[in-house]
Amino acid sequence: MSFYRKIETVLSETTGQPFNIEKRRPIGGGCVSAAECLSDPNRSYFLKTNRTEFLGNFEAETDSLDSLAATATIRIPKPIASGIADDRAYLLLEYIQPGSPNTRSWSEFGRQLAALHKTPQPYFGWHRDNAIGATLQSNPKSDDWISFLCDQRLRPQIDMARYNGFILNGADRLFQSLPGYFENHSPWPSLLHGDLWSGNAAFDQNGQAFIFDPCCYFGDRETDLAFTEFFGGYPSCFYASCRDTLPYDSGYDKRKTLYNLYHCLNHYNLFGSSYAAQAQAMTDELLS
């Protein structure tokens, strides 16, 4: 039985409705896994595939999607099944037909994200490790955000970058200076999407936001906000709604650079040297 015939069987058995693929359409935008839309005349599903050893990442992603959906704050594509077929790991999700947002859509998205972040969680970290892209993200439970940020986010990326050939000048000074960025900010643990760049959010045909490809953990809400700005940012009405619903503390603009350094280093470690100069410039700015 071919890979796609096995996927048809999984969908038919899981949903309780026969499904025969009549159309397959590749979906771009992902940098780690292949993605496509599978359709019959009545239904469509989203399929992600990768190497067999990636199955654990798909299972962790399913866990993140379920955790986000349980908050009933932002629309999340429903996970359907994951597994291995013909030496490929797969993840099947609800397919949401994208539409076009307006100002009201963006403003509501800002309110929804703030609502997601507003409920304090019991600790920093998560109940399992997961992956940011294809990079392991370790999530041990902690009651100290600064230590968690240093030891579970920045230091592993800096060490990995050194292994890959890039030495970040000023790394030790940055570690020592971390408490200074939090003099006016005492973050509580919020449930985070974890990878909320512009490519991981969209809007359905009713203009309702939905988010996907998460790597959740409990952390400072500002890390989600910061990464929305890393590749150009969202419209100003989105941020205005975030601030109105859950005001920012002073010093965010500096911490934003600190939080995005983690993602910049991860992009260096995943995609190569074009991010090295940016990571160094961000570090120099933080230490200036």
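These lines cover the structure that appears in this document, whether it is placed above or below. (Residues numbered from 1 in each chain as written. Predicted model: local features only at pLDDT ≥ 70, side-chain atom pairs only at ≥ 80, totals over all residues. Heavy atoms only, no water.)

Some words on the overall build of the chain
Piece 1. Of the regular secondary structure elements, the chain holds 9 helices and 11 strands.
Piece 2. A compact globule built from 288 residues should have a C-alpha radius of gyration of about 19 Å, and the chain, at 20 Å, falls within 12% of that.
Piece 3. Seen through its principal axes, the chain has C-alpha atoms that stretch 60 × 45 × 35 Å.
Piece 4. Taking contacts inside the chain between residues at least 6 apart in sequence as the whole, the part at least 24 apart equals 67%. (Helix = DSSP H or I, 4+ residues; strand = E, 2+ residues; numbered from the N terminus. Rg over C-alpha atoms; globule rule 2.2 N^0.38 Å. Contact = heavy atoms within 4.5 Å.)

Things to note about the pairing of strand 4 (residues 79-85)
Piece 1. Where strand 4 meets strand 5 (residues 88-94), 6 bridges bridge the pair, whose relative direction is antiparallel. Counted as the bridge partner of P79 is L93 from strand 5.
Piece 2. Here strand 4 hands over to strand 5 after 2 residues, with D86 in that stretch at a positive phi of 50 degrees. (Pairing = 2+ DSSP bridges.)

A closer look at unusual backbone geometry
Piece 1. Phi at D86 is positive, roughly 50 degrees, even though this residue is not glycine.
Piece 2. Along the chain, the position of D86 falls in the loop between strand 4 and strand 5.
Piece 3. Its relative accessible area of 36% is what places D86 among the partly exposed residues. (Buried < 20%, exposed > 50% of the residue type's maximum accessible area, 1.4 Å probe, protein only.)

A word on the packing of aromatic side chains
Piece 1. Taken as a whole, this structure holds 27 aromatic pairs when the rule is applied.
Piece 2. Arranged with centres 4.9 Å apart and planes meeting at 85 degrees, the rings of F238 and Y239 form a pair that is edge-to-face. Y239 carries the same exposure label as F238, and that label is buried.
Piece 3. Among the aromatic residues, ring-to-ring pairing joins W106, F109, F203, Y234, F238 and Y239 into one connected group.
Piece 4. One residue, R155, lies across the ring of F175, its end atom 4.2 Å from the ring centre. (Phe/Tyr/Trp six-rings, centres within 6.5 Å; stacked < 30°, edge-to-face > 60°. Lys NZ or Arg CZ within 6 Å of the ring centre and 35° of its normal.)

Regarding the pairing of strand 3 (residues 44-50)
Piece 1. A large share of strand 3 lies buried, amounting to 6 of its 7 residues.
Piece 2. Where strand 2 (residues 34-39) and strand 3 come together, 6 bridges link them in antiparallel fashion. Its bridge partner lying in strand 3, A34 is registered against T49.
Piece 3. Where strand 3 and strand 5 come together, 6 bridges link them in antiparallel fashion. By the bridge assignment for strand 5, Y45 is matched with E94.

Focus on the nonpolar core
Piece 1. Judged by nonpolar contacts, the single largest core of 72 residues is most densely connected at F109 and L258.
Piece 2. If we skip the residues at most four places from it in the chain, F109 touches I74, A201, F203, A209, I211, Y234 and F238.
Piece 3. Membership of the second largest hydrophobic core comes to 14 residues, among which are I7, L11, L47 and A85. (Core = buried A, V, L, I, M, F, W, Y, C linked by side-chain atoms within 4.5 Å.)

Some words on the packing of helix 4 (residues 145-163) against helix 8 (residues 252-271)
Piece 1. It is the contact of helix 4 with helix 8, at a shortest axis distance of 9 Å, that shows an interaxial angle of 25 degrees. Between helix 4 and helix 8, the crossing angle belongs to the class labelled roughly parallel. Helix-helix and strand crossings are classified by hand; for helix 4 and helix 8 the assignment is left-handed. The residues of helix 8 that touch helix 4, namely those facing W145, L149, R153, L154, Q157, I158, M160 and A161, are L258, Y259, L261, Y262, L265, N266, Y268 and N269. (Axes fitted to C-alpha atoms, helices over the stretch in contact; angles between N-to-C directions. Parallel < 35°, antiparallel > 145°, perpendicular 65-115°, else oblique. Left-handed = near helix turned anticlockwise from the far one by under 90°.)

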